[in-house]
Amino acid sequence: MHAKLLIETSDPADFEYIIEEKNSKEQPTVYIKGPYAMATDDPTEANKNKRCYCPGEMRDEVKRYTEQMINTKRALGELNHPTSADVDLERACHLVTELVPSGDNPNIYIGKSKVLTTPSGMIVRSLIQDGCSVGMSTRSLGKLVQCEDNSDISKVQDMRLVAVDCVADPSFGEAFVNGILESKQYVLDNYGQYVEAYETFEGSLTTLPKNDVESYIKENILTFLEKIKKKI
């Protein structure tokens, strides 16, 4: 099944920063809390990326992410979005500790994250303590289906939440990190894992050898097909 990497960003102004100080000798614990995700069936309520997430699918995916990632303390997020669907431990800056429906609207999910003491986490801590605004942006895989009654709106199907990343708002919306990374195609296998077969194949063709180009391309095509034949 083919899927695109989807990025959805919330307004940093909606987030609160909690600093818990135990004593003067210990480093304070910093938390970020706010709306991490939203679902709707109504195209008129689509997000600023003109996408709608099915409430039922979102509910099931949040449940899966909570059970498999949050409860096992593996729900790590990075500082800024990477160009891959992988979560890089070296770039981890926070750990999602909860993701629950809002009391006012069950289709809005409020998350809370503990800012880590990793190098990237220390950058986030410093930004918050210096009065800067940071927010959270979901990174997920999914298929886009155009709405029949509104060609500008897409519905997301088969969503799989990969991570929630920490981002900064540059204060001009059009330039904000949002939208689909169109060049990234992923394949999901039966276990819900993804492989970047397309990206690897594309990268292999960016630099061609001076000699025997035909054999080189043929070899990479065969390698590409071998990687995906059991994944589709």
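**Comments concerning the packing of aromatic side chains**
Aromatic ring pairs are reported here in terms of the distance separating the ring centres and the angle at which the planes meet. Scanning the entire structure with this criterion turns up one aromatic pair. When the ring of Phe15 is compared with that of Tyr36, the centres are 6.0 Å apart and the planes differ by 40°; the resulting orientation is tilted. One end of the pair, Phe15, is in the loop between strand E1 (2-9) and strand E2 (16-20); the other, Tyr36, is in strand E3 (residues 29-38), with 21 residues separating them in the sequence. A residue is classified by how much of its surface remains accessible, and Phe15, at 7% relative accessible area, is buried. Note that Lys112 overlies the ring of Tyr31, its terminal NZ or CZ placed 4.5 Å from the centroid.

**Observations regarding the sheet that holds strand E7 (residues 108-115)**
Strand order in the open sheet formed by five strands is E2-E3-E7-E6-E5, with antiparallel pairing between adjacent strands. Lying at the two open borders of the sheet, with one neighbouring strand each, are E2 and strand E5 (76-78). Each adjacent strand pair in this sheet contributes to an overall mean axis angle of 35°, direction not counted. By the bridge criterion, five bridges tie E2 to E3 in an arrangement that is antiparallel. What sits directly across from Glu16, in E3, is Lys33. On the sheet, helix H1 (residues 55-70) packs against E3, strand E6 (92-101) and E7 and is oriented at approximately 130° with respect to E6. Together, E2, E3, E6 and E7 form the strand contacts of helix H2 (residues 119-129), whose direction differs from that of E3 by roughly 90°.

**Quick word on the nonpolar core**
The biggest cluster of nonpolar side chains holds 29 residues, and the ones touching the most others in it are Ile32, Met58, Leu99 and Val124. For this core, the secondary structure elements donating two or more residues are E3, H1, E6, E7, H2, strand E8 (134-146) and strand E9 (154-168). Excluding its chain neighbours within four sequence positions, the residues that come into contact with Met58 are Ala37, Met38, Ala39, Tyr53, Tyr109 and Met159. Listed in part, the five residues of the second largest apolar core include Leu5, Leu141, Val162 and Ala163.

About the criteria used
- Along every chain, residues carry numbers that run from 1 in the direction the sequence is written.
- Only residues with pLDDT of at least 70 get local features here, since the model is predicted, and only at 80 or more are side-chain atom pairs given and counted; chain-wide, interface and lining totals rely on the full set of residues.
- Side-chain descriptors were evaluated using all non-hydrogen atoms of the structure, hydrogens and water having been removed beforehand.
- Here the aromatic set is Phe, Tyr and Trp, taking the six-membered ring for Trp, and pairing holds for ring centres within 6.5 Å; pairs whose planes are under 30 degrees apart are stacked, those over 60 apart are edge-to-face, and all others are tilted.
- Numbering goes from the N terminus for both helices and strands, where a helix is a DSSP run of H or I of at least four residues and a strand is a run of E of at least two.
- Burial classes: relative accessible area under 20% of the type maximum marks a residue as buried, over 50% as exposed, and values in between as partly exposed (1.4 Å probe, protein chains only).
- The criterion is that NZ of a Lys, or CZ of an Arg, lies within 6 Å of the ring centre and within 35 degrees of the ring normal, and then a charge sits over that ring.
- Pairing between strands is defined by DSSP: at least two bridges between them are needed.
- To obtain an axis, a line is fitted to C-alpha atoms, over the contacting stretch when the element is a helix, and the angle between two such axes runs from 0 to 180 degrees between their N-to-C directions.
- It only takes one pair of heavy atoms within 4.5 Å for two residues to be counted as in contact.
- By nonpolar core we mean a set of buried residues, namely Ala, Val, Leu, Ile, Met, Phe, Trp, Tyr and Cys, connected to one another through side-chain atoms within 4.5 Å.

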